[in-house]
Structure formats: structure tokens, C-alpha cells
Amino acid sequence: AAAARWRRQRSQRLLRGVPVVDLSSPSAVDDVREAAAVVGFFYVAGHGVPDELVQEVFRQSRAFFGLPLDRRLAVAVNKWNKGYTRMGDEVLDAKRQRQGGRKEGFYIGREMAAE
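## Some thoughts on the layout of surface pockets
The method is simple in principle: a probe with the dimensions of a water molecule rolls over the atoms, and the space it marks as empty is what remains. Estimated volume of the largest pocket: approximately 330 Å³. Lining the largest pocket, in full, are Phe58, Ser61, Arg62, Phe65, Lys103 and Glu104. Volume-wise, the second largest pocket comes out at about 240 Å³. As for the second largest pocket, its lining consists of Val57, Gln60, Ser61, Phe64, Phe65, Phe106 and Ile108. Taken together, the residues of the lining of the second largest pocket break down into five nonpolar, two polar and no charged.

## Here's the deal with the side chain of Thr85
With respect to the secondary-structure elements, Thr85 resides in strand β3 (residues 83–85). The class for Thr85 is buried, based on a relative accessible area of 5%. Separated by 3.3 Å, the side chains of Thr85 and Glu90 make a polar contact. Ignoring anything within four residues of it in the chain, the contact list for Thr85 reads Val77, Glu90, Glu104, Gly105 and Tyr107.

Cut-off values and rules
Residue numbering note: each chain is counted from 1, following its sequence as written. A pLDDT threshold of at least 70 governs which residues receive local features in this predicted model, and a stricter bar of 80 or more applies before side-chain atom pairs are shown or counted, although totals over entire chains, interfaces and linings include all residues. Note: side-chain values were computed over all heavy atoms of the structure, leaving out hydrogens and water. Detection works on a 1 Å grid of protein atoms alone, calling trapped sets that fit a 1.4 Å probe cavities and calling open sets with protein on both sides within 12 Å along at least five of seven lines pockets, with lining residues defined by an atom within 4 Å of a point. Grid points are joined across faces, edges and corners, and a volume is the space filled by probe spheres set on the points. Residues are grouped as follows: nonpolar covers Ala, Val, Leu, Ile, Met, Phe, Trp, Tyr, Cys and Pro; charged covers Asp, Glu, Lys and Arg; every other residue, Gly included, is treated as polar. Secondary structure elements follow DSSP: runs of H or I of four or more residues count as helices, runs of E of two or more count as strands, with numbering from the N terminus. Buried means the residue's accessible area, taken with a 1.4 Å probe over protein chains only, is under 20% of the maximum for its type, while exposed means over 50%, and partly exposed covers the values in between. Contacts described as polar in this section are N or O atom pairs within 3.5 Å, which, within protein, must combine one atom able to donate a hydrogen with one able to accept it, while residues neighboring in sequence count only if both atoms come from side chains. Only heavy atoms matter for contacts: two residues are in contact if any of them lie within 4.5 Å across the pair.

Here it is, written out as C-alpha cells:
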């Protein structure tokens, strides 16, 4: 119980520094622009996605990123830029970065018809 309480308190402290953009707000476009320019990332609220689905996506994300590296690499990013990228794979600012970022990700998107 104490560990869960500590994690919850830590999450609440972290949330204070991350902007929350409400997509249902008339100022959403400006809020996204400001959060992206000033902080670089943000949480999204007012998106209409049911909370149960959001929680399930987080559960699945924890399960995937908890897998051994070889299992994650089995679905490495492909020529359509979909799939897993490991820490150090991505250099987002080649002028300022000497090595890839300290993050891993999984990119998804709609299937597109072949041209």
C-alpha cells in the first residue's frame, strides 16, 4: 500500500510540470502550439476516448515494453516507419545530438494502399 501511495504521489508531482491540453476547448490549437513550443510535449484531455480504452492501452504498453529486448526487436520499425525503436535509435536533432535519444517507442498508423 505504501509503494502504491508513493507511486501515485510521484505521478501527481510529475503531472504538475506537464501541460494538459483540452481538445474540447476553443483555445486547443493555441494550447497545443504553446505546449509543444515551450515544453515539447503535453497530455491530452477532452479527446472523447473512453477511459477504459485509455487504461487498456497503458496496460498493453507496459506489457510490451516489459518484454525481453529480443521479443521487442522482432517487431522492429519497418520501411513504413511502423514498429519498435529501441533506445538510441532515433536522432531527432542531428545538429545538437551526438547519439540517439534515451527513449524507446512503438509507432503505429493506418495501413495505406500501395501506390
